Amino acid sequence: MYPFSLSIIFYLLATIWYSFYERTEKVQGGFFVRNVNQRPLMCQVGILIAMSIVFLLPQIIGRGMILGSDVVFHFNRFYETSQQIKEGNFQYFLSIYGFQQSGRIVNALYGPFFAYFQGLLVLLSHSWYQYQLLSNGLLYLLSGLSMFGLLRKLNVNGWLATAMGVFYMSTYSVQYWIERQGFSAWGAAVLPLCLIPLIALGQEKKLRPFAVGVSVAVLFQIHVFSSIMLVLMYVPFFLRAFFGGEGAQAKKQLLWKLSGAIGLFLLLTANIWLGMADLYLHNQLLAPFINHNMQNNTITGTSSYWWSTPILLPLVCGLFFCGELKVWPKLAGDMKLLTWVAAIFFVLATNFIPWTWLGSLDNGLINLIQFPFRFFVPATVLIIAGLCLLAPYYRGQQLVKPIWVIALVVLSSGQVLIQTTNKMLDWRSDEAAVTLRNHTYLGTDSAAELKAAYFSTDKSLALDLYQRSTPDYVPIYQETTENKYDAYGKQIIEGNNTVVKSVEDGKLTLRWQGDSADWVQVPIINYRYTELTLNQTSLTRDDIQLSTIGVVTLQQRIGANVLVVDYDAPWYFDGALWLTMAAWLLLPIGYAGWWWHCQKNK
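Everything quoted here is computed from the prediction, not taken from an experiment.

Enquirer: Would you explain the overall build of the protein in this entry?
Expert: Scanning the protein from N- to C-terminus turns up 26 helices and 10 strands. Computed over its C-alpha atoms, the radius of gyration of the protein comes to 26 Å, within 12% of the 25 Å expected for a compact globule of 602 residues. Projecting the C-alpha coordinates of the protein onto the three principal axes gives extents of approximately 90 × 65 × 50 Å. Across the 602 residues of the protein, 55% fall into the buried class. In the protein, the share of contacts with a sequence separation of at least 24, taken over all contacts with a separation of at least 6, comes to 77%. For the protein, the accessible surface area stands at approximately 26,900 Å², while carbon and sulfur atoms represent 61% of it. For the protein, the distance from the average position of its 40 positive side-chain charges to the average position of its 34 negative side-chain charges is 18 Å.

Put into structure tokens, the structure is as follows:
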């Protein structure tokens, strides 16, 4: 496998090598060189596509799964949306297929539109194995093209941009999804593209409201925390443009354009922020995992793999910062600001920040961070872009020769192939399909059965055999010391054995036999606008009892019992949802109109 994969890598990199020395006017080198130089963009994109496939080869040949710490959570999310698409039962808020069909709310608070995109990928795949290959391949390609697009907009040589696009694929910012199913990797994949509006803001001190609004909205629809970091990256460039602008009129125009960008963002994301506002106003939701040991999850702590994936990344960071200092007086103002922003995010990802003390404050904004290594994602993007922009200052010197770029890409790509291969070997040699963690529930004692479930066309099988009691976003009705993970496991996962769940007429339905007219707990979670109908009778809040995490207790009757679960969203949310979807559909038309207007003015 290694010779085959590496031969492809060397062939593709040979294309880059020739392109550095050959130009369109020098086509005597034969068909290979002539074809490369006459169609550079096609060849560059082709390399990124080919490398996305090459990185998948170990898993394709090894036929194994990579089951990280977040795989259960996200596979449930995407199974939910895939089944909604497949069966035409669209339920924006409640989980009626995934998450033990518990009626809990997850996707509405976690990139709902992008969850439906992932659900479509699940639907197109015959098994979880095929989905993982498809999603990983798309992530590689998206991240490579995204970095390539940013660097080309910065007027970086196309072949250098291609090489650095491949290098970016190998960083842990992208590998986080591949190895652990960390969802911030999808935010990292599109982050470079979302930084393109900074070019005009930094170089021309002009804010393009359409580009800024759409960029932040796209990232917000994928991963909220990544969009927050994007805004933090915009802020210093905006302040520089605002206070460095000439005259009050320029400042006023900048503020107007900022207002337009914010308005467009709010329109394109109304489904998320309005849904969040409504849910948090009417429910006391359990926050996701609160990390009280953030000092461990830094690139200088136990999460040092962010710093060492690929192994040459520390060298790249060192070359950038040292190279910047050496030519600092020659740098333009926007380049200096880029360096400062990269340095700030870099430091935030380390233990130079007192994360031990900050984690002890129990502050909501700090708790939102969870893992400081997240700050290394924007630092990585800025460092790669900055290093490419720095290259002209050292033209003719040894370090900027193509051989070193080739070596960087070869070693980084080889490391990805080795890491994925080792995981495939572990899948083959280790009897256990997964590493057992706290709050894990296995539905089988056979490792072979669990492994086979990820290759089955029945995707619900794997979700039933491997479950975790992750209670994110459940409503809290009493303040107790009860462990919420244990409560979810006992009341929902184990409670599912007492009822039969199905989706009928687009609504979640529970059926069970009652031996007596007693109060029984059913594995359903109740929110402010959850609607419960027991035996064709609507239940009010006075008709039910709720556990600490909102699990319903009601009075059954002797014999057959049928409980129908639905969600009645406020009227204004439905309008906002349709408005947001319409805005995204009309977006290409608006862009085409703007482009035509610009061309007409030219």
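Enquirer: Can you help me understand unusual backbone geometry in this one?
Expert: Peptide bonds are, in most cases, trans, and in most cases residues other than glycine have a negative phi. Cis geometry is found at the peptide bond from Thr309 to Pro310, where omega equals 0°. Looking at where Pro310 falls in the secondary structure, it is placed in the loop between α16 (305-308) and α17 (313-326). One non-glycine residue, Arg63, lies in positive phi territory at about 45°. In this structure, Arg63 sits in the loop between α4 (57-62) and α5 (71-87). The backbone of Phe99 sits at a positive phi, close to 50°, despite the residue not being glycine. Structurally, Phe99 is set in the loop between α5 and α6 (112-124).

Enquirer: Hey, could you run me through the sheet that holds strand β7 (residues 537-538) in this one?
Expert: The strands that make up a sheet are held in pairs by hydrogen bonds between backbone atoms, and each pair lies either parallel or antiparallel. Across the sheet, which stays open at both edges, the five strands sit in the order β3-β4-β10-β6-β7 with antiparallel pairing between neighbours. Two strands close off the open sheet at either side, each with one partner strand: β3 (500-504) and β7. Here strand β6 (residues 530-534) runs beside β7; their pairing, made up of two bridges, is antiparallel. When the sheet's bridge partners are listed, Leu534 is paired in β7 with Thr537.

Enquirer: So what exactly am I meant to see when it comes to the environment of Ala185 here?
Expert: Its place among the elements puts Ala185 in helix α10 (residues 184-194). Look at Ala185 and you get buried, because its relative accessible area is 0%. For the pair Ala185 and Val174, spaced 11 residues apart in sequence, the C-alpha separation works out to 4.9 Å.

Enquirer: Just to check I follow, could you spell out the packing of aromatic side chains for this structure?
Expert: The relative placement of two aromatic rings is captured by the distance of their centres and the angle of their planes. A complete count under the given rule lists 44 aromatic pairs for this structure. For the ring pair Phe220 and Phe265, a centre distance of 5.2 Å and an interplane angle of 80° mean the geometry is edge-to-face. Placement of the pair is Phe220 in helix α12 (residues 209-222) and Phe265 in helix α14 (residues 248-268), with a sequence separation of 45 residues. According to the relative accessible area criterion, Phe220 is buried, its value standing at 11%. Judged by its relative accessible area of 17%, Phe265 is buried. An aromatic cluster of three or more residues is present, and its members are Phe73, Phe75, Phe78, Phe99, Tyr110, Phe114, Phe117, Trp128, Tyr131, Trp177, Phe183 and Trp186. Sitting over the face of the ring of Phe183, Arg77 holds its NZ or CZ atom 5.0 Å from the ring centroid. Over the aromatic face of Phe242 sits the side chain of Lys251, whose NZ or CZ is 5.8 Å from the ring centroid.

Calculation rules
In this numbering scheme, every chain counts its residues from 1 along its sequence in written order. The model is predicted, so local features are restricted to residues of pLDDT at least 70 and side-chain atom pairs to those at 80 or more, both for listing and for counting; the totals for chains, interfaces and linings are taken over all residues. In computing side-chain values, all of the structure's heavy atoms are included and hydrogens and water are not. For helices the rule is a DSSP run of H or I covering at least 4 residues; for strands it is a run of E covering at least 2, with both sets numbered from the N terminus onward. Our radius of gyration looks at C-alpha atoms and nothing else; its globule reference is 2.2 Å times the residue count to the power 0.38. Categorising residues by exposure relies on relative accessible area from a 1.4 Å probe, with only protein chains included: less than 20% of the type maximum marks a residue as buried, more than 50% marks it as exposed, and the intermediate range marks it as partly exposed. The contact definition used throughout considers only heavy atoms, calling two residues in contact when any of these lie within 4.5 Å. Note that accessible areas follow from Shrake-Rupley with a 1.4 Å probe, and for residues the cover is restricted to the protein chains shown. Residues scored as charged are limited to Lys and Arg (positive) and Asp and Glu (negative), so that His and the chain ends carry no count. Think of each charge as sitting on NZ of Lys, CZ of Arg, CG of Asp or CD of Glu. Two strands form a pair only when DSSP identifies at least two bridges running between them. Pairs were defined over the aromatic rings of Phe, Tyr and Trp, the Trp ring being its six-membered one, requiring ring centres within 6.5 Å. Orientation was assigned from the angle between planes: stacked under 30 degrees, edge-to-face over 60, tilted for the rest. Whether a charge lies above a ring is judged from NZ of Lys or CZ of Arg, which has to be within 6 Å of the ring centre and within 35 degrees of the ring normal.

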